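Understanding the architecture of this molecule
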Amino acid sequence: MSAGPSRRSILSAAGGFAGAGVLARPLDFLRERRRTRGLVRHAAIGVGGMGAADLEQLASHGAMDVVALCDVDSAHLAAAAKLFPNARAVRDWRELFRNDAPVFDSVNATIPDHMHAPVMLAALRAGKHVYGQKPLTRTVAEARAVARAARRAGSVTQMGIQNHSNAHYSAALELFRAGHIGRVHAVHVWSDRPAGWWPQGVERASGADPVPDTLAWNLWLGVAPERPYKKDLYHPFSWRGFADFGTGAQGDMGCHLMDPALWFLGLAAPLSIRSDGPPPNDESYPLWSRVRYEFPPNALTTRGPLPLTWHDGGKAPKQELEELAAGPVDPNACLFFGEHGALLASPYLPPRLLPAEKFAAVPIPAGTAVNHWHQYVDAVRGKGTTSAPFEYAAFLTEVALLGNVALRFPHETLAWDAKRMRFPERPEADWYLSSPVRKGWDFQES
Ligand SMILES: NC(=O)c1ccc[n+]([C@@H]2O[C@H](COP(=O)([O-])OP(=O)(O)OC[C@H]3O[C@@H](n4cnc5c(N)ncnc54)[C@H](O)[C@@H]3O)[C@@H](O)[C@H]2O)c1
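Structure report, in brief. (Residues numbered from 1 in each chain as written. Predicted model: local features only at pLDDT ≥ 70, side-chain atom pairs only at ≥ 80, totals over all residues. Heavy atoms only, no water.)

**Remarks on the overall build of the protein**
Applied cut-off: Each helix is a run of DSSP H or I of at least 4 residues and each strand a run of E of at least 2, with the numbering of both proceeding from the N terminus. C-alpha atoms define the radius of gyration, and 2.2 Å times the number of residues to the power 0.38 defines the globule rule. Only protein chains enter the accessibility calculation, which uses a 1.4 Å probe. A residue is then buried if its area is under 20% of the maximum for its type, exposed if over 50%, and partly exposed in between. A contact between two residues is defined here by any heavy atoms of the two lying within 4.5 Å. Reported accessibility uses the Shrake-Rupley method at a 1.4 Å probe radius. Residues are deemed covered only where the shown protein chains occlude them.
Counting its secondary structure elements, the protein contains 15 helices and 14 strands. By the compact-globule yardstick of 22 Å for 446 residues, the protein fits well, its C-alpha radius of gyration being 21 Å. Overall, the C-alpha framework of the protein stretches about 60 × 50 × 40 Å when taken along its three principal axes. Going through the 446 residues of the protein one by one, you find that 59% of them count as buried. Pairs at least 24 residues apart make up 73% of the contacts formed inside the protein by residues separated by at least 6 positions. Surface summary for the protein: the accessible area is close to 17500 Å², and the carbon and sulfur share equals 55%.

**Some remarks on the site of the ligand**
What counts, and what does not: Proximity criterion: a residue is near a molecule or strand once any of its heavy atoms comes within 4 Å of it. Polar contacts, as counted here, are pairs of nitrogen or oxygen atoms within 3.5 Å of one another; within protein the pair requires one atom able to donate a hydrogen and one able to accept it, and residues that are adjacent in sequence qualify only if both atoms are side-chain atoms.
Among the 28 residues in the neighbourhood of the ligand, the closest are listed as Met 50, Asp 71, His 76, Lys 134 and Gln 162. Trp 239 is positioned with one of its side-chain polar atoms (N or O) 2.9 Å from an oxygen atom of the ligand. The protein chains hide 94% of the 840 Å² of surface that the ligand would expose on its own. Mapped by element, the contributors of at least two residues to the shell around the ligand are helix 9 (217–221) and helix 10 (248–257).

**Topic: the sheet that holds strand 1 (residues 40–45)**
We count it as follows: Pairing between strands is defined by DSSP: at least two bridges between the two strands are required. Simply put, an axis is a line fit to the C-alpha atoms, just over the touching stretch for a helix, and the angle between two N-to-C directions goes from 0 to 180 degrees.
As summarised here, the arrangement of the six strands in space is 3-2-1-4-5-6, forming an open sheet in which the pairing is parallel. Looking at the sheet topology across the chains shown, the edges are occupied by strand 3 (88–90) and strand 6 (157–159). Strand after strand, the sheet turns through a mean of 20° between neighbouring axes, direction not considered. Looking at chain direction, strand 5 (residues 129–132) and strand 6 are connected through three bridges and run parallel. Residue pairing across strands places Val 130 opposite Thr 157, the latter belonging to strand 6. The strands touched by helix 6 (residues 116–125) are strand 1, strand 4 (106–109), strand 5 and strand 6; relative to strand 5, the strand with the most contacts, the crossing angle is about 160°. Contacting strand 5 and strand 6, helix 14 (residues 390–407) runs over the sheet at an angle of about 30° to strand 6.

**Structural notes on the pattern of salt bridges**
Filter applied, for reference: Each salt bridge in this description consists of a side-chain nitrogen of Lys or Arg and a carboxyl oxygen of Asp or Glu lying within 4 Å of one another.
For the structure shown, the criterion picks out 21 salt bridges. Residue Arg 88 is joined to Glu 95 by a salt bridge in which the shortest nitrogen-to-oxygen separation is 3.4 Å. You can call Arg 88 partly exposed: its relative accessible area is 34%. Overall, Glu 95 belongs to the partly exposed group, its relative accessible area being 28%. What you see here is one network of salt bridges that share partners, running through Arg 204, Arg 227, Asp 244 and Glu 283.

**As for the nonpolar core**
Keep this limit in mind: For this analysis, a nonpolar core means a set of buried residues of the types Ala, Val, Leu, Ile, Met, Phe, Trp, Tyr and Cys, connected via side-chain atoms within 4.5 Å. In this document the domain limits rely on a domain assignment from an automatic tool or a database.
Counting residues in hydrophobic clusters, the biggest one holds 105 residues, and the most contacted among them are Val 187, Tyr 293, Phe 336 and Phe 390. The element contributing the most residues to this core is helix 14, with 12 residues. Residues lining this core come from more than one domain, with at least three contributed by each of domain 1 (9–163 + 372–402 + 422–445) and domain 2 (166–198 + 246–354). Ala 186, Ala 326, Ala 333 and Leu 354 belong to the second largest nonpolar core, which has 12 residues in total.

Structural data, given as structure tokens:
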């Protein structure tokens, strides 16, 4: 992660909103008035990769009117423009907000993590509703700034953790609430990523490749420090493991997989975080990690602070799974250990109660699936609420990103003061809660 004098500019940018005289808590009738009763005029920012999927899902809602498309890669933009020939197509999102803000009510930001905060802050500041991808942001300070801006704007927001709305998590929650495993004394969450999907554990690549004609590389870099383009290394998709752009395996998958733990248990901010894996280098996240959190106990937990251990890079709580005779398990999952047994929740498979023999008579519910994108569009139209609003999304993102901070201080238990957003006993770690912004890209200016 790069150093720089302007690392606090995100926070000052967010503070600027309050200074601009925006009401801290909009009155309910104003919030209500801001709902869109008819068609939702939508601008899609980032239309390749997951952006194509978000656009397809959002546009499949009958009340969606896609009026603008934005992508720094003109090849991706052209592909989306074929599907929405009447939409205005631009490469620079700042242009969209400068010139076209009155013609859209809603945006989705499905772009690399380092650009989530600037785009979402601009959108919220312009009073738009926002469907934002996970992780909400690349740093903890950004997540808090985005949540604050959403609160002030009174916008409808939803983070793209579509698994939150799927049948498997809903079924797992039903089993949890039925009390089969009792109060929880430990949680393990694991992911197989990066699993060769994208580079991690690598140093800065040398040299430069010619920038493809279709790509506006400077716009792609955005707030990140300047560096030469390298073919297939960052754009598309592979930026995830690089500290200047992405959030590594935990940032990428943590919001999907730690979600059941924070949600089912209603956890408050962690008390401490400790990494026992290898440290990252300055360029990229390590090939694997293991991070242990301690959360304050509550009525659903037992035995003092609740330990939650995150494993990635193919690590998993092998001994615990063996003791439960779990057999083959999903390589991306969340396991709750309770007084009476364990509950395995995965976004991709039905939940399981373990040991299986003990719970053989318990039927696994089918769960209820909701279209996560349509839920957002409905909420924008005043019907219902979203299940992953930025208030929750920012907290979930913060917990995942604190793991990335801990990686920098291996084998040290870092006490966390969530209220003051700092590590009281290790001030050096505070530096990793925010990030520099490239000159000319200060959020205030966009
Ligand atoms: N919810 C999920 O299951 C899921 C799955 C995949 C990705 N994601 C998230 O979606 C986001 C995008 O990931 P991806 O895999 O699609 O990345 P990607 O690099 O494959 O695609 C990003 C798209 O955005 C465009 N883009 C990049 N910078 C831009 C900018 N500043 N302005 C406008 N367009 C820009 C790119 O050209 C590309 O079309 C990430 O936050 C990622 O975590 C979520």
